[in-house]
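Results of the structural survey
Okay, here's what each chain looks like letter by letter:
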Amino acid sequence: MSTVAISATSVAAPTGRSALWKSLFVQVLAALLLGIALGIATPGFAIELKILSDAFLKLIGMVVAPIVFCVVVHGIAGAGDLKKVGRVGVKALIYFEALTTIALALGIVLAFVFGPGRGMNIDTSMLDANALNTHAENAHKLQGAGIGSFMINIIPTTSIDALARNDVLQVLFFAVIFGVSLALVGGEKGEKVTSLIDAVSAILFRAMGLIVRVAPLGVLGAVAYTVGKYGVGSLRQLVSLVVLYYLALSVFVVVVLGFVTWLAGLNIFKFLAYMREELTIVLATASSDAVLPQIMKKLERLGVKKSVVGLVVPTGYSFNLDAFSIYLTLAVVFIAQATNTPLSLGDLLLVLGVSLVTSKGAHGVPGSAIVILAATLNAVPTIPAIGLVLVLSVDWFIGMARALGNLIGNCVATVVIAAWEGDLDHATATRVLDGNERVDVATG
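Residues numbered from 1 in each chain as written. Predicted model: local features only at pLDDT ≥ 70, side-chain atom pairs only at ≥ 80, totals over all residues. Heavy atoms only, no water.

1. Things to note about helix α22 (residues 426-433)
As a reminder of what qualifies: Relative accessibility thresholds used throughout: buried, under 20% of the residue-type maximum; exposed, over 50%; partly exposed, between the two (1.4 Å probe, protein chains only). Secondary structure elements follow DSSP: runs of H or I no shorter than four residues count as helices, runs of E no shorter than two count as strands, and numbering proceeds from the N terminus. Read the arc as the range of directions from the helix axis to the C-beta atoms. In what follows, a contact means two residues having at least one pair of non-hydrogen atoms within 4.5 Å. Polar contact criterion, stated in full: a pair of N or O atoms within 3.5 Å, where within protein one must be able to donate a hydrogen and the other to accept it, and residues adjacent in sequence count only if both atoms are side-chain atoms.
Where α22 is concerned, the buried positions are Thr428, Ala429, Val432 and Leu433. Projected onto a plane normal to the axis of α22, the buried residues spread over an arc of 120 degrees and lie on a single side. Considering only its buried residues, α22 is in contact with α13 (268-274) and α15 (292-301). Two or three places before Ala427, at the opening of α22, Asp425 has a side-chain oxygen 3.2 Å from that residue's backbone nitrogen. Directly beyond the C-terminal end of α22, a positive phi value near 85 degrees is found at Gly435.

The following block contains the structure:
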């Protein structure tokens, strides 16, 4: 048996350098570099290439909702034990709240230690409120935001509406109800529907594999547009905030997520290397939705049980926004410092408490960072909400890291919860992370 296993592993491992250009990571990296070059050399033409990024994101969006539905339903129906499904869900929520609280606290601590807004002495009466008009149309989605409002928004108007709008949280809600009902029906009828959903899921993942092949074009368009529109020197105005945010995110990933990954028996650096293609795509497109189907498949190939992947990953997209949480408190304190607004301990605790609620509504809202930051500031009257104008110019650059950090946090959460539940095959995970087994999501 061991001889056969070794042989299979040897065959699966990459064998030569001649196929290097076929690597999705290499293709994406080359597209990224080309995008930067085009943005610098021909900014006008580079801006027009945004259509490539938009098209790629639309292609991914086309399959995200049905894949989430199929994976969650099949995971619940195939688990055979609804108590286990409920247990995984509770553990996931406990983990999400714990890590979100740590992320929010980290943002506050680093903002006070480094003080990125100190010395700016901004006069709020001189700020242009019209700069926020582009986000006004989305603000109504968060008016009256709170636990009650958030819970009501989870329930879709109709199941078709949730799928049509690609609202992952609403699709997840309907999928959980459908999956539980399917498991309760059981028998021959239940088996037929379960088999059908499994078959549809396989086809959708194959379609996703075809779409992934054009990811380099999406990355090319996104990077070329960013550099062409904003320029390579566009970070100078608020460079301290941007640098501090990237530093905070690095500390969180390496220290906090590295620690919980170690508790699960894995190495964070090997894990990040395993996800390198997806991380590069997210960094370029500033959208974690762009790789949702791929990471679900990769986590399964890593040895995480399918039912855990199907439940934790989609839930985490709305409940486990670690990188967004860091940004939320960091930006709030930055605005207070820049406008010379003193913050008491009570104000900081209020910011922390409000952020725990508002951060849950980030996914699926266009311009979510600015809109939800506004909702947070409106709940903390001490800080002038007009200070939002200060962070608009760098939101895209911070957004790239936000999406990246959120994705890493969700992938780590899935692995940790699987290990906690005993649904992680450590032998497979070790073999895959060591590079002894090739995983290619482009094959579907």
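Structure shown, so let's carry the discussion forward.
2. Notes on the packing of aromatic side chains
Our working rule: Any pair of Phe, Tyr and Trp rings, taking the six-membered ring for Trp, is counted once the centres come within 6.5 Å. Such a pair is stacked with planes under 30 degrees apart, edge-to-face with planes over 60 apart, and tilted for the rest. We count a charge as sitting over a ring when the NZ of a lysine or the CZ of an arginine lies within 6 Å of the ring centre and within 35 degrees of the ring normal.
Here the structure, examined in full by the defined rule, presents seven aromatic pairs. Between Phe174 and Phe178 the ring centres are 6.0 Å apart and the planes differ by 50 degrees, which places this aromatic pair in the tilted class. Of the two residues, Phe174 and Phe178 both sit in helix α9 (residues 168-185), four residues apart, roughly one turn of that helix. Residue Phe178 is classed as partly exposed on the basis of its relative accessible area of 30%. Measuring from ring centre to ring centre gives 5.9 Å for Tyr245 and Tyr327, while their planes differ by 85 degrees; the resulting arrangement is edge-to-face. Of the two residues, Tyr245 sits in helix α12 (residues 239-263) while Tyr327 sits in helix α17 (residues 322-338), which places them 82 residues apart along the sequence. For Tyr327, a relative accessible area of 1% corresponds to the buried category. Each member of the aromatic cluster is reached from another via a ring pair, and the members are Phe69, Phe174 and Phe178. Here the guanidinium or amino end of Lys50 rests over the ring plane of Tyr225, the centre of that ring lying 5.3 Å away.

3. With respect to unusual backbone geometry
For Asn340, which is not glycine, the phi dihedral falls at a positive 55 degrees. With respect to the helices and strands, the residue Asn340 is situated in the loop between α17 and α18 (345-358). Residue classification places Asn340 among the partly exposed positions, given a relative accessible area of 48%.

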